[in-house]
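A closer look at the structure
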Amino acid sequence: MNRNKFTTFLMLFLLVFTMIVIPVQSVNAAPVDDVLKTLSSGTLSQSNSTGGSGSNIFEKLFGYLFNKILGPVINVFGSKSSSDPNGNPVKVTPLPPSSDSGTVLDSSGIRGKVIVVDPGHGGSNPGAVANNTRETDNNLSVSLKLRDKLVQAGAKVIMTRETDKTVAAAGSTLGQELQARVDLAQANNADIFVSIHSNSNPNPDIAGAMTFYHSGKSPKLATEVQSAIIKETKAIDKGTAPETFYVLRNTTMPGILVEMGFVTNSQEAAKLSSDSYRNSIAQGIFNGIVKYFN
Ligand SMILES: [Zn+2]
């Protein structure tokens, strides 16, 4: 408010006060605490909504006096008062600060969901082995971390294995081993099936994470999980692709097969062996599943 405005309001105030208020003061006097409440709540809502400094306090004071004192005076002559019928200040509840950071996910969507987590290989079949890293160990470690995160969020998790062993009876064929994993998902009427693997390639320069989905089904779960893994790990994004892997084509629910990284790449093998990187991957897969169900 500039000086001229202030002077104008002051003069108007004095005018109203001397000509109208004094004669009716005994009838319409506003309690002081009402005035203070109006001013404080008005200033509060102003500073919350616009970040203003409350410099228009005299405008509010004049407005309040108009509604409280001049309003009822006009009302005497038959026109309707524009003030709140009870004369109470309207409380403005400030909105909670918007959370656009994306760091805290609402995981309520996965509560009660049946999720099969399938650490690839195990027991007599260690999967890809290179750079002193065994695929089966990476797969199991990340799967157990993923299980804990899902359980904590209220999902019902079924692990195809929780130790370094085969899922089917020892001596079973590869087909029987894979079918044993499918059977667990089908028998438990799982909502989703998540198989965890590590990749390998004759070219040691190739690195990165990728996620497969069954070619006949929606890629949504795969795309959510893949992008969340990349966000968490900053790994090279090798994208998603449709595939006909046994465990994907023989399960009826949405399923994915995550290839977390290449054990044949020495740098990625070292990362895949570290507890912190394993936790980042598990967090990424978890975040993707949460987004899928939201
Ligand atoms: Zn594998």
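Up top is the structure.
Here we summarise the structure given alongside this text. (Residues numbered from 1 in each chain as written. Predicted model: local features only at pLDDT ≥ 70, side-chain atom pairs only at ≥ 80, totals over all residues. Heavy atoms only, no water.)

1. What to know about the packing of aromatic side chains
- Applying the stated criterion to the full structure yields two aromatic pairs.
- Considering the side-chain rings of Phe212 and Phe245, the 5.2 Å spacing of their centres and the 90 degrees angle between planes classify their relative orientation as edge-to-face. Remark: Phe245 occurs in the loop between β7 (237-243) and α7 (246-249) and Phe212 occurs in strand β6 (residues 209-214); sequence separation between them is 33 residues.
- Under the relative-accessibility criterion, Phe212 is labelled buried at 10%.
- Summarising the aromatic geometry, the rings of Tyr292 and Phe293 are spaced 5.1 Å apart at their centres and angled 75 degrees between planes, so their arrangement reads as edge-to-face. (Phe/Tyr/Trp six-rings, centres within 6.5 Å; stacked < 30°, edge-to-face > 60°. Helix = DSSP H or I, 4+ residues; strand = E, 2+ residues; numbered from the N terminus. Buried < 20%, exposed > 50% of the residue type's maximum accessible area, 1.4 Å probe, protein only.)

2. Notes on the side chain of His197
- Along the chain, the position of His197 falls in strand β5 (residues 192-199).
- For His197, a relative accessible area of 12% puts it in the buried group.
- Those residues in contact with His197 that lie beyond four places of it in its chain are Gly120, His121, Glu135, Asn139, Leu257, Val258, Glu259 and Met260. (Contact = heavy atoms within 4.5 Å.)

3. Notes on the packing of helix α4 (residues 135-152) against helix α9 (residues 275-293)
- Contact geometry for α4 and α9: axes closest at 8 Å, N-to-C directions at 50 degrees. When the axes of α4 and α9 are compared, the pair comes out oblique. Classified by chirality, the crossing of α9 by α4 is right-handed. Contacts from Asp137, Asn138, Ser141, Val142, Lys145, Leu146, Lys149 and Leu150 in α4 reach Asp275, Arg278, Asn279, Ile281, Ala282, Gln283, Ile285, Phe286 and Ile289 in α9.
- Across the contact of α4 with α9, the residue classes break down as eight nonpolar, four polar and five charged. (Axes fitted to C-alpha atoms, helices over the stretch in contact; angles between N-to-C directions. Parallel < 35°, antiparallel > 145°, perpendicular 65-115°, else oblique. Left-handed = near helix turned anticlockwise from the far one by under 90°. Nonpolar A, V, L, I, M, F, W, Y, C, P; charged D, E, K, R; others polar.)

4. Let's talk about helix α5 (residues 174-187)
- A rise of 1.5 Å per residue sets the reference length of α5, with its 14 residues, at 20 Å; its end C-alpha atoms lie 20 Å apart and thus fit the reference within 8%.
- Within α5, burial applies to Glu177, Ala180, Arg181, Val182 and Ala185.
- Tucked inside the fold, the buried residues of α5 contact β1 (114-119), β5 and α7.
- Directly after α5, the chain includes Asn189, whose backbone phi takes a positive value near 50 degrees. (Expected span 1.5 Å × (residues − 1).)

5. Some thoughts on the sheet that holds β5
- Read from one edge to the other, the open sheet built from six strands follows the order β4-β1-β5-β8-β6-β7, with strand pairing classed as mixed. Both edges of this open sheet fall to β4 (156-159) and β7, since each of them pairs with a single strand only. Direction aside, the axes of adjacent strands within the sheet are offset by 20 degrees on average.
- For β1 and β4, the ladder comprises four bridges, and the chain directions are parallel. (Pairing = 2+ DSSP bridges.)

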